[in-house]
Amino acid sequence: MTVLSELERILSDAKEEWRGQEAAPMETLETITADGPAETGSRGGGAKNGGDVRPAPVGGAVAGAAGGSGARPLNQIALADNLGFMKACADDGMGGAFNLIYIDPPFFSKRNYDAEVKLAAPAHGTAPTWRQTNYSDAWPGDLGQYLRMLAPRLYGFKELLADTGCLWVHLDWHVVHYAKVLMDEIFGAGNFVNEIIWNYKSGGASKRRFARKHDTLLFYSKTAEYHFNPQKEKSYNRELKPYRFKGVKEYKDALGWYTLVNMKDVWELDMVGRTSKERTGYATQKPESLLLRILESCSEEGDLCGDFFGGSGTMAAAAERLGRRWLSCDQGRLAALSTQKRMAGLGANFRLTADRRLGGDLPGRFEAELNISAAPAGKTRISVRLAKYALPEGAPPLPPEAPQSRALDEILSGASLGLVEYWSVDVDYDGESHKPTAWKAKKDGRIGDEIELAAERVGAVRVRAVDIFGNSSFRVYT
Ligand SMILES: C[S@@+](CC[C@H](N)C(=O)[O-])C[C@H]1O[C@@H](n2cnc3c(N)ncnc32)[C@H](O)[C@@H]1O
């Protein structure tokens, strides 16, 4: 049977699958409200503790809109398969709540996407380096298997979108033509808005064909009443000289004279380069410039934007910069970790939630040393030093690519903190939710081992640590 003859069946099965899908049971692992300066990794010593965190539904992203009231929204990073998570959102009353959904799913490239992991050198020996799989796009089955993954999710996006909302699906030559057929059927061919060609320079080339240097983004609306802000771009005059036409505004830059015209559907934007400040190390990370353009064209400040194949959180980062509310979901622990570090670094407010069936935070085996003393103005000074890291109890087996036995034992007995990517401290833990007062994330291969702050109140102290394999664990000190 050809995929073409299967399409009708794929569509009807997908509709049923979405309808019968069970909601993923979600739990909150960490809530960050970043009132303090982001670079310090602290939200102001706890003095402004949690003032802007409003209750959010289990699958929900945010309560209330950004802007206006001055309260900053509580966004969401979700660690879950997106189908069950979308159903949880729909069950929480978020059907029709999203102004914009962008997805950058696997492209059916039939390969795994790895990232290089480098550790600080232990006292003796050399620093281990290895490649760790960020996510798989291997698909042992045929194209039908891939389309059976995508189609029910398209039904889900349609339900979650507002009537004025838009869906952007980012793919390339592998399957974009099949995705367009599915989207024509699910969203209606009349709701096709644009096919954007994103042209870039990086990557290899072959002598047997023209260099493949573009991705394709399909832009569909849910209804004819969709929201769109036209964007402008420069159009250089012939010979770069002024035309001086009546009523036409002309500008000049270092290259020459130009006018501003409505932006076209071929975009030239650079990929995230090796030395780019944006680079997270997560494979297939997209540039923020691309997402900024999409968000600016289809959303307004305070709007809710979702990315259900979030990866390193590029959509979330762009949304945060533009004052949009955001939700970023990915099924991979390394993606959630990468997004968490990135959004904490931007000073965003967010909850990290996870599918309960994934097991949540594990009992920690790391060692932290606490020092508590009186501070001025009735406050308490607390310093927490992460002294030693150990893999948590019940951690899943390490990925096969990770440094095995001797190398890892050596790291664990020497430079064990090199395994920690992120850690945070809640100095007044309420026994239920981890709301850190301060956090540290690895940057340029290093992680701070001490958090010191003055708090209004110090109660039970909960320390949460996430390692390079994505294992998260906690310890509570009373
Ligand atoms: C191409 S990457 C996204 C990259 C992202 N746009 C960025 O800039 O970092 C695709 C992501 O989809 C995630 N993914 C694949 N299947 C998924 C599913 N069923 N539910 C949630 N995430 C999924 C993978 O883990 C991977 O991180």
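Residues numbered from 1 in each chain as written. Predicted model: local features only at pLDDT ≥ 70, side-chain atom pairs only at ≥ 80, totals over all residues.

## Quick look at the overall build of the chain
Scanning the chain for helices and strands turns up eight helices and 23 strands. Sorting the 478 residues of the chain into buried and exposed places 41% on the buried side. Restricting to contacts in the chain with at least 6 residues of sequence separation, those with at least 24 account for 72%. (Helix = DSSP H or I, 4+ residues; strand = E, 2+ residues; numbered from the N terminus. Buried ≥ 20, exposed ≤ 12 C-beta atoms within 10 Å, placed from the backbone. Contact = placed C-beta atoms within 7 Å.)

## Focus on the sheet that holds strand β21 (residues 450-455)
Strand order in this open sheet of three strands is β17-β18-β21, and the pairing throughout is antiparallel. The open sheet has two edge strands, β17 (367-374) and β21, and neither has a second partner. Within the sheet, the average angular offset between the axes of one strand and its neighbour, ignoring direction, is 15°. Here strand β18 (residues 380-388) runs beside β21; their pairing, made up of six bridges, is antiparallel. Note that in β21 the partner of I382 across the bridge is L453. (Pairing = 2+ DSSP bridges. Axes fitted to C-alpha atoms, helices over the stretch in contact; angles between N-to-C directions.)

## Brief notes about the nonpolar core
Ranked by size, the top nonpolar core spans 110 residues in total, and within it I101, L160, V169, A179, L182 and M183 carry the most contacts. The element contributing the most residues to this core is helix α3 (residues 143-160), with eight residues. Among the domains, domain 1 (3-229 + 283-357) and domain 3 (362-477) are the pair contributing at least three residues each to this core. The contacts of I101, once residues within four sequence positions are left out, are F157, L160, L161, L167, G306 and F308. (Core = buried A, V, L, I, M, F, W, Y, C linked by C-beta atoms within 7 Å. Domains from an automatic or database assignment.)

## What about the site of the ligand?
Taken together, 19 residues are adjacent to the ligand, and Y135, F309, G311, S312 and T314 come closest. Split into classes, the residues belonging to the shell around the ligand amount to seven nonpolar, eight polar and four charged. (Near = placed C-beta within 6 Å. Nonpolar A, V, L, I, M, F, W, Y, C, P; charged D, E, K, R; others polar.)

## Observations concerning helix α5 (residues 288-298)
Here α5 has its buried residues at L290, L291, I294, L295, S297 and C298. Projected down its long axis, α5 carries its buried residues within an arc of 165°, all on one side. Buried-residue contacts for α5 involve β3 (98-103), β6 (161-171), β7 (192-199), β13 (304-307) and α6 (314-321). (Arc of directions from axis to C-beta.)

## Quick word on the sheet that holds β6
Taken in spatial order, the ten strands of this open sheet run β1-β15-β2-β14-β13-β3-β6-β8-β7-β12, and their pairing is mixed. Two strands lie at the open edges of the sheet, namely β1 (26-32) and β12 (266-268), each paired on one side alone. Neighbouring strand axes in the sheet, compared pairwise and without regard to direction, differ in orientation by 20° on average. Bridge count between strand β2 (residues 75-79) and strand β15 (residues 350-355): five bridges; the pairing is parallel. By the bridge assignment for β15, A78 is matched with T353. α3 contacts β3, β6 and β13 of the sheet and is inclined by roughly 145° relative to β6. Against the sheet, α5 touches β3, β6, β7, β12 and β13, its axis set at about 155° to β3.

## Here's the deal with the confidence of the model for the chain
Detailed reading of predicted coordinates is not advised where the pLDDT is low. Here the chain averages 88 in pLDDT, while 89% of its residues score no lower than 70. Predicted confidence is poor over residues 36-69, with pLDDT under 50, and the contacts of this stretch with residues over four places away or in other chains come to 89 contacts. (pLDDT = per-residue confidence, 0-100.)

## So, the packing of α3 against helix α4 (residues 176-187)
Where α3 contacts α4, the two axes come as close as 10 Å, and the packing angle between them is 35°. Every pair of crossing elements has a handedness; the one defined by α3 and α4 is right-handed. From α3, L147, L150, A151, L154, Y155 and K158 reach across to α4, where they touch Y178, A179, L182, M183, I186 and F187. Partitioning the contact of α3 with α4 into residue classes produces eleven nonpolar, no polar and one charged. (Left-handed = near helix turned anticlockwise from the far one by under 90°.)

## Considerations on unusual backbone geometry
For L240, which is not glycine, the phi dihedral falls at a positive 60°. Within the element layout of this structure, L240 appears in the loop between β9 (232-236) and β10 (251-252). Under the C-beta neighbour-count criterion, L240 is labelled exposed, with 12 such atoms within 10 Å.

## Here's the deal with the packing of α5 against α6
Relative placement of two packed helices is described by the angle separating their axes and the distance separating the axes. Where α5 contacts α6, the two axes come as close as 9 Å, and the packing angle between them is 60°. In terms of orientation, α5 and α6 fall into the oblique class. The hand of the α5/α6 crossing is right-handed. Two secondary-structure elements touch here, α5 through E288, L291, L292 and L295 and α6 through T314, M315, A317, A318, A319 and R321. Grouping the constituent residues of the contact of α5 with α6 by class yields seven nonpolar, one polar and two charged. (Parallel < 35°, antiparallel > 145°, perpendicular 65-115°, else oblique.)

## Describing the pairing of β17
Bridging between β17 and β18 involves eight bridges; their strand directions are antiparallel. Residue A374 lies in a different strand from β18, and its bridge partner there is T380. What sits between the antiparallel neighbours β17 and β18 is a turn of five residues, in which A377 has the positive phi angle 60°.

## Structural notes on the environment of N199
For N199, the position within the fold is in strand β7. Between the C-alpha atoms of N199 and K213, which are 14 residues apart in sequence, the distance is 5.7 Å. Not counting chain neighbours up to four residues away, the residues in contact with N199 comprise K213, H214, V266, W267 and E268.

## A closer look at the environment of M263
If you trace the backbone, M263 turns up in the loop between β11 (257-262) and β12. Looking at M263, the number of C-beta atoms within 10 Å reads 15, which means it is partly exposed. The spacing of M263 and K232 is 31 residues in sequence and 4.9 Å in space, taken between C-alpha atoms. Each residue touching M263, except ones within four places of it in the same chain, is listed here: Q231, K232 and E233.

## Things to note about the environment of N471
The topology assignment puts N471 in the loop between β22 (461-467) and β23 (472-477). Along the primary structure N471 and L362 are separated by 109 residues, whereas in three dimensions their C-alpha atoms are 7.9 Å apart. Apart from the residues within four sequence positions on either side, N471 is in contact with L362, L391, P392, A395 and V466.

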